[in-house]
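Listed below, chain by chain, are the residues.
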Amino acid sequence: MKLSTDLEQNIQKARQLLPLDKSFDLVTRRLSLGETGCFWIGVNGLLRVEILQQIFSDLQNPLYTQDLKIEDIQKYMDSKIGYVQTSLSGDWDDILRNLLSGPSVLLVDGFDRAVLLDVRTYPARSISEPDAEKVTKGARDGFVETLLFNANLIRRRIRDPRLTFELSSVGSESKTDVAVAYLDQTADMDLVRQLQQALSALPVTALTMGSKSLVELLVRKKWFHLLPSIFLTERPDVACSFLTEGHIAVIVDNSPAVLILPCTIFQFTQSPEDYYKSPIVGTYFRLVRFLCIPISLLLMPLFLLLTVYFPQFSERWNLLPTRDLPGPTIIFYVFAVEFLLDLFRYSATLRSGQFSGSLSIIGGLIIGEIAVDLNWASTEILFYAAVTMLASLSLSSLEFSDGIRLYRIFLLLTTAFFGIWGFFGGLILILISILTTPTFGQKSYFWPLFPFNRQALKTLLFRYPASKAQPDRVWRRR
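In this numbering scheme, every chain counts its residues from 1 along its sequence in written order. Totals for whole chains, interfaces and linings use all residues, but because this is a predicted model, local features are given only for residues with pLDDT of at least 70 and pairs of side-chain atoms are given and counted only at 80 or more. Each side-chain value is derived from all of the structure's non-hydrogen atoms; neither hydrogens nor water enter the calculation.

Draft legend 1. The arrangement of the nonpolar core in detail. Take the buried Ala, Val, Leu, Ile, Met, Phe, Trp, Tyr and Cys residues and link them wherever side-chain atoms come within 4.5 Å; each set so joined is a nonpolar core. When accessible area is computed with a 1.4 Å probe and restricted to protein chains, residues below 20% of their type maximum are described as buried, those above 50% as exposed, and intermediate ones as partly exposed. Grouped together as the largest cluster of nonpolar side chains are 42 residues, with contacts concentrated most on I154, L227, I265 and F400. For the purposes of this entry, the term helix denotes a DSSP run of H or I that reaches at least four residues, the term strand denotes a run of E that reaches at least two, and both are numbered from the N terminus. Elements supplying a minimum of two residues to this core: α6 (147-157), β7 (176-183), α9 (236-244), β9 (248-252), β10 (258-261), α10 (279-309), α15 (398-435) and α16 (454-461). When residues of this core are assigned to their parent elements, the largest contribution, 7 residues, is made by α15. The contact rule is simple, with two residues in contact once any of their heavy atoms fall within 4.5 Å. Beyond its immediate sequence surroundings of up to four residues, I154 is in contact with F143, L163, F165, C240, L243 and I251.

Draft legend 2. Structural context of the packing of α10 against α16. Geometry is summarised by axes, namely lines fitted to C-alpha atoms with helices restricted to the contacting stretch, and by angles between N-to-C directions that run from 0 to 180 degrees. The geometry of α10 relative to α16 is characterised by a closest axis approach of 9 Å and an angle of 95° between their N-to-C directions. Put simply, α10 runs roughly perpendicular to α16. Of α16, the residues touching α10 (which contributes R286, L287 and F290) are T459, L460 and L461. Each residue is assigned to one class: nonpolar for Ala, Val, Leu, Ile, Met, Phe, Trp, Tyr, Cys and Pro, charged for Asp, Glu, Lys and Arg, and polar for all the others, Gly among them. Of the residues belonging to the contact of α10 with α16, the class tally is 4 nonpolar, 1 polar and 1 charged. Throughout, the term roughly parallel applies to angles under 35 degrees, roughly antiparallel to angles over 145, roughly perpendicular to angles from 65 to 115, and oblique to all others.

Draft legend 3. The arrangement of unusual backbone geometry in detail. Cis rather than trans, the peptide bond between W447 and P448 has omega equal to 10°. By the element assignment, P448 lies in the loop between α15 and α16. Cis geometry is found at the peptide bond from F450 to P451, where omega equals -10°. Topologically, P451 is positioned in the loop between α15 and α16. One non-glycine residue, Q185, lies in positive phi territory at about 75°. On the secondary structure map, Q185 appears in the loop between β7 and α7 (189-200). Positive phi is not limited to glycine here, since Q442 has a value of about 60°. Q442 gets classed as exposed once you look at its relative accessible area, which sits at 71%.

Draft legend 4. A look at the sheet that holds strand β2 (residues 36-43). Pairing between two strands requires that DSSP report at least two bridges joining them. Across the sheet, which stays open at both edges, the 5 strands sit in the order β1-β2-β4-β5-β3 with antiparallel pairing between neighbours. Across the chains shown, the open sheet's two edge strands, defined by having one partner strand only, are β1 (26-33) and β3 (86-89). The mean inter-strand angle of the sheet, taken between neighbouring strand axes irrespective of direction, is 25°. As paired elements, β3 and strand β5 (residues 114-117) share 4 bridges and run antiparallel to each other. In the strand pairing of β5, S89 is matched with A114.

Draft legend 5. Representation of α10 within the structure. Expected helix span is taken as 1.5 Å per residue step, with the number of steps being one fewer than the number of residues. End to end, α10 covers 44 Å across 31 residues, agreeing with the expected 45 Å (1.5 Å per residue, within 8%). A residue's bend is the angle separating two fitted axes: one through the seven residues that end there, the other through the seven that start there. The largest bend along α10 measures about 40° and falls at L298, with the proline P301 one to four residues further on.

Draft legend 6. The arrangement of the pattern of salt bridges in detail. For salt bridges, the criterion is a side-chain nitrogen of Lys or Arg within 4 Å of an Asp or Glu carboxyl oxygen. Overall, the coordinates contain 17 salt bridges when judged by the stated rule. Here R120 and D118 are joined by a salt bridge, their closest N and O atoms 2.9 Å apart. The salt bridge involving R289 is made with D274; its shortest N-O contact spans 2.4 Å. Note that R289 is positioned in helix α10 and D274 in the loop between β10 and α10, a separation of 15 residues in sequence. Note on accessibility: R289 and D274 belong to one class, buried. Taken together, the salt bridges that share partners define one network made up of E129, R140, R235 and D237.

Draft legend 7. Expanded view of the pairing of β7. Counting buried positions over the 8 residues of β7 gives 8, a clear majority of the element. Here β7 shows two buried faces, one formed by T176, V178, V180 and Y182 and the other by D177, A179, A181 and L183. Of the pairings in the sheet, the one linking strand β6 (residues 163-170) to β7 comprises 8 bridges and is antiparallel in character. Paired with S169 across the two strands is D177, which belongs to β7. Bridging between β7 and β9 involves 4 bridges; their strand directions are antiparallel. Across the sheet, residue V180 finds its bridge partner in β9, namely V250.

Put into structure tokens, the structure is as follows:
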């Protein structure tokens, strides 16, 4: 829909498209710029009023408006409006999208183009370190819910003229701003174009849950694919490291998490803490984290298999040295402990920091002791479950850890019902599920293991000094 040259028709159209007389946050005002009438529309709370007042004061200065009739809107904007972020638009769809994003609109009589004044400001929380990705040393800033702030945090670290932020709008109703960030000539440009086409063609009305909703729209997974297909981070230093390696970052407005494409399973085993320690210490903790993945997945199912179906091994290795429990009781104990630990972990996650310490004491001392006294668990099973939980918590990605936990519960079920055949059959099904996990652009989920890249794989397994691990030497997919 195009604007009319008649101001009254444009005002009437604006009232049809917007609830100007009903919604309190939509503010309007009639103005006279010399002999030319104007109509201004803005969203209260999204405007920097002091800048807007200065613009209106300049436009209505008698030195510039005396006997003045605007003849050329482009020339008038260039010569009279000193504000930088100013543009013209003659399309109602574009005007409404801008208006509801924050910029205000000035309709001018006699012209079929409106002046867009981008004096927006957004309510924003302060930049602080994300709780889920804390480090003992290093930067303490994190992404926030404002897209422009997040782009600034990346630009501050990568002062490369090739760094590009391409803006798209997603959602027929929400029209959420989504920025695709990449380093030109370093990123896979075919993947960039594929991502831009996917964003423009998404059949969605609104990104209700921000970046998480976009993840589910970009990569369609089956119900049995439990591991994440796209890596999310709230740390600018982590996002910048991936950008310099040739990855693509997707920034979603109103969301503090940035998407990293393409995604591999090894991204969920890394931690920024490794790079704020010496190479040998970082390598040690990285290898410990790799070891925690099979411990988190296999420890409890193996314990259940040996104690229920092979009690002779359990007695020889003293897995349950204090009492001789029947198989159904052990199975009940294992699942009861799994449920209690998941309930405790979920409750502690949702509580504020002032209660999490108390929950840890209650869960560790009171609940565990009472569960043993009431025959809901045994001390040995609590120990193995606690080791499993510690191994799961050591993984840097919470979403990856949750996927491993669900795989473990599935393996416990198959082992409890079908014994050793259920254990190996469940393990095979889990491996098939992991191996077939889809990614965006059909890239390999197991790169650099497949396709094999020896140098990149060594850099993932071991913490190399910065001089030997530069992206231009290692991270090449071609």
